[in-house]
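Results of the structural survey
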Amino acid sequence: MQNLLTCLISLWVVTSIAQNKQILYGFEEVPQSLLLNPGSKVKQDIHFGIPFFSQIHLNIGSSGISAYDIFGKSDVDITTRIRNKIFELKNTDFFTVTQQLEIINFGWRNRKEVYFSGGIYQEFDFITYYPRDLAILAWEGNRDYLDYEFDLGEISATGDLMTVYHFGVNKQFGKKLTLGIRAKLYSSILSFRSTNNSGSFVTRLGDENSENIYEHTVQNANLTVETSGYASLRDSNGGGVASEILGRAFFGGNIGVGVDIGGTYDITRNLSVSASILDFGAIFHSNDVETYHATGTYTLDGIELLFPPLSAGEETFPYYDDLVDEIERELPIDTLTTSYSQLRPLKINAGLKYSFGKLLGNSGVCDCLNPGGSDDLSQAVGLQFYSIYRPKGPQMAGTFFYYRRIAEFLSAKATYTVDPYSNSNVGLGLATDIGRFNFYIAADNLLRYGNLAKAKSVSLQLGFNIKIDRQ
Amino acid sequence: MKKNLTYPFLGVFILLFLGACVKDTDFNNLDEIQLTPVVELDLIYFNLSAQDFFDENTSNPILTVRDTTAIRFLDDSQIQESLKRADFYFRFTNFIPREFIADFQFLSESNDTTYTTQTLVTQGSPQAPVVTEFEQVVEGDDVLLLTQASKVVVSVTIPSSDATLEGDLNLKSKTTYYLEL
């Protein structure tokens, strides 16, 4: 139990670009690859996922730091190690948690060779950038940072808990092109966002004309936290929270719409390209919305005593309360209930695949009825690109992969991924088709599995499906 | 051949998962993490005139002027737990040709005195003001007493005063809080 706890604790400091499922992308033996490219090739005629077990995805991470950096055995005490990291990390480093649980997934091919697929999955996605200046202020205080302007604009975080309902179509046009589109309905359960903030905090040594020793100044603050689904939970005092959240999962909260599009094109019999755009859409937050907005500039000088002449029993001015009122007046925090729209984090996948090796299929010979289309070959290598739009701009990753059909019932895909934070991410996915029973598991950063504490990235997907071929 | 490749492949994968572990780490040292921020914060300031020490209506000197302010952040439970030391710094600029005694009396919510400190302010003149600096370090058991306070009474006492007395007494002050979180 202690080891399990240790593993879980260690996972909080592993880096990756959350939601990048580089192993599953283009891994056609896995029906869930359709969720990464609605225009990927579909091998089966019917599939349905085992409810709640067809896709479990977890990614917890942070960039620039691993558990080992902090908790590794070292002669340097832990406080010094944390302090070093606080200064070493940049304000573009981030911490993420992404989790997806597929509830239902199904698909079938009709007589016109259109593959329909749909399902429901629950998603939690959280990212916060590292507010370096505020971390330094909290760790060190302001004594050694007189005249230094701590940047309040480094606060940047979003979090979303939602249910996604989706339905897509996929069709091969001619021998070379497969296109697909997927419509999505987002049912937001809980959401918050604090981005595009600005302002600074500075402590300056006053001069002889200053009111007091220092001037503590908040300059041009413009801070916003948008929330939806939070106010009613806060006010419910814990009663009926579960039923409330369940209701929102079934369109009882805020609704959004989005679309995925994608395609695959066979350039030659061996070479193909593919691309997809996912979550092109927005959620429209209008119910249970609270936005907190703080603005202003204010300089704190301390408390000025006026020594008023007082009669017996008479009280002096309420200096402290007046000061609090003054701060609240000069740096007001408005609570707004106006609706807002939130773009979904747009994701782009692209791939280039070169297939080679033995022809697959029972006959083992060329499919002469398929001139121009690609052959189903036992091995492939290729490159993939992934990008997700985050509050401070896109995060990108590049992947080299090797695919191999090892046996009739077993396929594997190995990946090597490079992103701005890691250049040693090796992943491996396995998909088995035993009868109609499909199982897959994919994990990355395998080189770090010997000691997860040193990993800056771990993500895991696994699931069970039933796949049926009519032939 | 297929079997030769399949099972080693599977074996390596399974071993990687089963062998996944966290080692050479010590999560027990979480307790040893200490944040020790040092916070500089203005405290109180005032400008007293020589006339504040003389009642023109009664033509009597006012030898002590006194004022009180709440400082409710000081007896906050988080501060009580975290504050390890507080360095008070007072800087008087005296334009009045008198010495002063400045008293700082910290009181709890129920007006019990929890901590006091006092200093003598050197005599100055309107033409040649004199700066008196006073530092008071509060640490050890005194911190506990200090953090019971939620208000401070400031008393300024002059030995003598009359209607002709001129000048101002200016105070600027700050506190350095040494915290351990």
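On to the overall build of chain B. Within chain B one finds 3 helices and 10 strands. Written out in order from the N terminus, the α and β elements of chain B read α-β-β-β-β-α-β-β-β-β-α-β-β. Classification of the 181 residues of chain B by burial places 28% in the buried group.

Residues and elements named next belong to chain B. Spatially, 4 strands are ordered β4-β9-β6-β7 in an open sheet, and the strand pairing comes out antiparallel. Strands at the two margins of the open sheet, each flanked by one partner only, are β4 (64-70) and β7 (113-121). Across the sheet, the axes of successive neighbouring strands diverge by a mean angle of 15°, strand direction being ignored. Pairing geometry for strand β6 (residues 100-107) and β7, over 8 bridges, is antiparallel. Within β7, the position partnered with D103 by the bridge is Q118.

Before going further, it helps to examine the environment of V426(A). Residue and element names in this part refer to chain A. Mapped onto the elements of the fold, V426 is located in strand β20 (residues 422-434). Of the residues examined, V426 has 15 C-beta atoms within 10 Å and is grouped as partly exposed. Distance from V426 to T338, taken between C-alpha atoms, is 46 Å for residues 88 residues apart in sequence. Contacts of V426, omitting those with residues within four sequence positions, involve T415, Y416, L446 and L447.

Residue and element names in this part refer to chain B. At S59, a residue that is not glycine, the phi angle is positive and equals roughly 55°. Tracing the backbone shows S59 in the loop between β2 (54-55) and β3 (60-61). On the basis of neighbour count, S59 is assigned to the exposed category, with 9 C-beta atoms found within 10 Å. At N111, a residue that is not glycine, the phi angle is positive and equals roughly 65°. As for its position among the elements, N111 is in the loop between β6 and β7. By C-beta crowding, N111 is classed as exposed, having 10 other C-beta atoms within 10 Å.

Here we take up the sheet that holds strand β10 (residues 168-179) of chain B. Where strands meet in a sheet, backbone hydrogen bonds hold them as pairs that are either parallel or antiparallel. As summarised here, the arrangement of the 5 strands in space is β13(A)-β1(B)-β10(B)-β5(B)-β8(B), forming an open sheet in which the pairing is mixed. With partners counted over all chains shown, the strands left at the sheet margins are β13 (303-304) of chain A together with β8 (130-139) of chain B, one partner each. Two elements, strand β5 (residues 83-94) of chain B and β8(B), share 10 bridges in a ladder whose sense is antiparallel. In the sheet register, T93(B) faces β8(B), and the bridge partner there is V131(B).

Turning next to the environment of E113(A). Residues and elements named next belong to chain A. Residue placement: E113 occurs in the loop between β3 (94-109) and β4 (114-129). Residue classification places E113 among the exposed positions, given that 12 C-beta atoms sit within 10 Å. As for E113 and F173, which are separated by 60 residues in sequence, their C-alpha atoms are 9.8 Å apart.

Here we take up the nonpolar core. Residues and elements named next belong to chain B. Judged by nonpolar contacts, the single largest core of 35 residues is most densely connected at I44, F106, L146 and A149. Counting only elements with at least two residues in this core, the list comes to β1 (38-49), β5, β6, β7, β9 (151-157) and β10. If you tally residues by element for this core, the top one is β1, at 6 residues. Beyond its immediate stretch of four places on either side in the chain, F106 contacts T114, Y115, T116, L146, A149 and V152.

Parameters and conventions
- Residues numbered from 1 in each chain as written.
- Chains lettered and ligands numbered in written order.
- Predicted model: local features only at pLDDT ≥ 70, side-chain atom pairs only at ≥ 80, totals over all residues.
- Helix = DSSP H or I, 4+ residues; strand = E, 2+ residues; numbered from the N terminus.
- Buried ≥ 20, exposed ≤ 12 C-beta atoms within 10 Å, placed from the backbone.
- Pairing = 2+ DSSP bridges.
- Axes fitted to C-alpha atoms, helices over the stretch in contact; angles between N-to-C directions.
- Contact = placed C-beta atoms within 7 Å.
- Core = buried A, V, L, I, M, F, W, Y, C linked by C-beta atoms within 7 Å.

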